[in-house]
Amino acid sequence: QQIPHYYSPKEAGVCLALAVFLAAVERSCGNNAYEPEEFLKREYSLTKPYQGLGSSTTSHWELMGNAMIMPEHVRLTPDLQSRQGAVWSRLPFYVRDWEIQVHFKIHGQGKKNLNGDGLALWLTKERMQIGPVFGNINYFTGLGIFVDTYPNEDKHQEVLKSELRSFPFISAMVGNGSVAYDHDRDGRNVDLGGCSASVRNVDYDTFLLIRYIRNTLTIMMDVEGKQEWKDCLEVPGVHMPQGYFFGASSVTGDLSDNHDLISFKLFELAVERTLEELENEEEVLIPSVDYRDIPVEVVDEGMGVLSIFFLFIFSVVGLVLLIVALLLIHQRWKDRSRKRFY
Ligand SMILES: [Ca+2]
């Protein structure tokens, strides 16, 4: 006679855990058959309680402007006028295929379209600089992803109905150091496109996913509280140099919002490459996008007068210094020749 076997609570617990684990393995294998493996890189990530962020030289991230560390987030700007804040990674970034998951929150007192200006994520050659593009410099070199919450162009100009964008609007831009982000046009002249996303004053969590595999840039978002990624933008043929810096910045003007960065997680993606692919790879020195030539002539417009002015000032200063130096040398030579007579 077989004795019926009852599982002890401990055994049952182990079985249950095993079943849950197997189900999870199956699910991840089933759904993500084509997803590359990913590894969280802590040195490029920023998560609670933000210990790696600060002014000490051992910290991986640096604060700037009005940005403040709070228990639940890094507040890039408070809901007050004319603030600017940013966080920048100190470490140059050398990973070929990667993904960023950004958890953020934009909220404030202002009614719709009476708030601004939004936040930006960066992977650029420059770091820790202040300027007009969501708090960062213009004519940047690298990648900028913008969560623009204020429609500047729609307010100032007649926009074709087909070009009308609903704000907040997420867009991306690749700059090579000589292209301007035109704030009055919400960067529409040079961006790579994007999508509308109601990310402001919502009760649920909002996330952005930026993925870069084999030179294809993909932006996805989870902004409806459904725990699923929705496509926003995909651009193939994006060439990014190595050794750039990650950053997140934000700015407020007459209109404002709280711009909170809750987490920034960088994953390295394991993408296999054939020997041929590796051999044919060339080092990228300047960021570019295949399908469009980044206009270079833009730089000449406003900059022309300014550079001539500076060139003139520098020439004058240089000339004065040269004359002073010559006079000093002449004086010394005169003194010396006089001494020789005594
Ligand atoms: Ca704008």
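Residues numbered from 1 in each chain as written. Predicted model: local features only at pLDDT ≥ 70, side-chain atom pairs only at ≥ 80, totals over all residues.

Asker: What is the right way to read the overall build of the protein from this model?
Answerer: From N to C terminus, the protein includes 4 helices and 17 strands. Out of the 342 residues belonging to the protein, those deemed buried represent 31%. (Helix = DSSP H or I, 4+ residues; strand = E, 2+ residues; numbered from the N terminus. Buried ≥ 20, exposed ≤ 12 C-beta atoms within 10 Å, placed from the backbone.)

Asker: Looking at this structure, I do not really get the pairing of strand 16 (residues 258–270). What am I missing?
Answerer: Looking along a regular strand, one sees side chains alternate from face to face of the sheet. Pairing analysis gives 4 bridges linking strand 1 (residues 37–40) to strand 16, with the strands arranged antiparallel. Directly across from Leu40, in strand 16, lies its bridge partner Phe267. Of the pairings in the sheet, the one linking strand 4 (residues 74–77) to strand 16 comprises 3 bridges and is antiparallel in character. If you follow Val74 over to strand 16, its bridge partner there is Leu261. Relative to strand 16, strand 6 (residues 98–107) is paired through 10 bridges, and the arrangement is antiparallel. Counted as the bridge partner of His103 is Ser263 from strand 16. (Pairing = 2+ DSSP bridges.)

Asker: Can you help me understand the pairing of strand 6 in this one?
Answerer: For strand 6, the buried fraction is high: 8 of the 10 residues fall into the buried class. Sheet topology places strand 6 next to strand 11 (residues 206–213); 7 bridges connect them, and they run antiparallel. Counterpart to His103 in the pairing with strand 11 is Phe207.

Asker: Is there a simple way to explain the sheet that holds strand 9 (residues 169–176) in this structure?
Answerer: Whether parallel or antiparallel, the strands of a sheet pair through hydrogen bonds between backbone atoms. What the 7 strands build is an open sheet, ordered 2-5-15-7-8-9-10; its pairing is antiparallel. Two strands close off the open sheet at either side, each with one partner strand: strand 2 (61–65) and strand 10 (194–196). Taking the axes of each pair of neighbouring strands and ignoring which way they run, one obtains an average angle of 15° across the sheet. When strand 7 (residues 118–124) meets strand 8 (residues 141–148), the two strands line up antiparallel, connected through 7 bridges. Bridging across to strand 8, Leu119 finds its partner in Val147. (Axes fitted to C-alpha atoms, helices over the stretch in contact; angles between N-to-C directions.)

Asker: In this structure, what is going on with the environment of Lys125? I would like to understand it.
Answerer: Within the secondary structure, Lys125 sits in the loop between strand 7 and strand 8. The class of Lys125 is partly exposed, set by 18 C-beta atoms lying within 10 Å. Sequence separation between Lys125 and Tyr244 is 119 residues; the distance between their C-alpha atoms is 4.7 Å. Sequence-distant contacts of Lys125, defined by excluding residues within four places in its chain, comprise Thr141, Gly142 and Tyr244. (Contact = placed C-beta atoms within 7 Å.)

Asker: Looking at this model, I keep getting lost on the confidence of the model for the protein. Mind explaining?
Answerer: A low pLDDT score tells you not to read the predicted coordinates there in detail. Per-residue confidence for the protein gives a mean pLDDT of 88; residues scoring 70 or more make up 83%. In this model residues 27–33 is a low-confidence stretch, pLDDT under 50, and it forms 0 contacts with partners more than four residues away in sequence or in other chains. Low pLDDT, under 50, characterises residues 296–301; the predicted model gives this stretch 5 contacts beyond four residues in sequence or across chains. (pLDDT = per-residue confidence, 0-100.)

Asker: Quick question: what am I supposed to make of unusual backbone geometry here?
Answerer: Generally, phi is negative for residues other than glycine and the peptide bonds are trans, each holding for most cases. A cis amide bond links Lys48 with the next residue in sequence, Pro49, at an omega value of -5°. Looking at the element boundaries, Pro49 is found in the loop between strand 1 and strand 2. Cis geometry marks the peptide bond from Phe167 to Pro168; its omega dihedral reads -5°. Position of Pro168 relative to the elements: it lies in the loop between helix 2 (152–156) and strand 9. Positive phi is not limited to glycine here, since Ser82 has a value of about 50°. Mapped onto the secondary structure, Ser82 falls in the loop between strand 4 and strand 5 (84–89). Since 11 C-beta atoms lie within 10 Å of it, Ser82 is described here as exposed. Even without a glycine there, the phi angle at Asp186 is positive, about 55°. Given 23 C-beta atoms within a 10 Å radius, Asp186 is considered buried.

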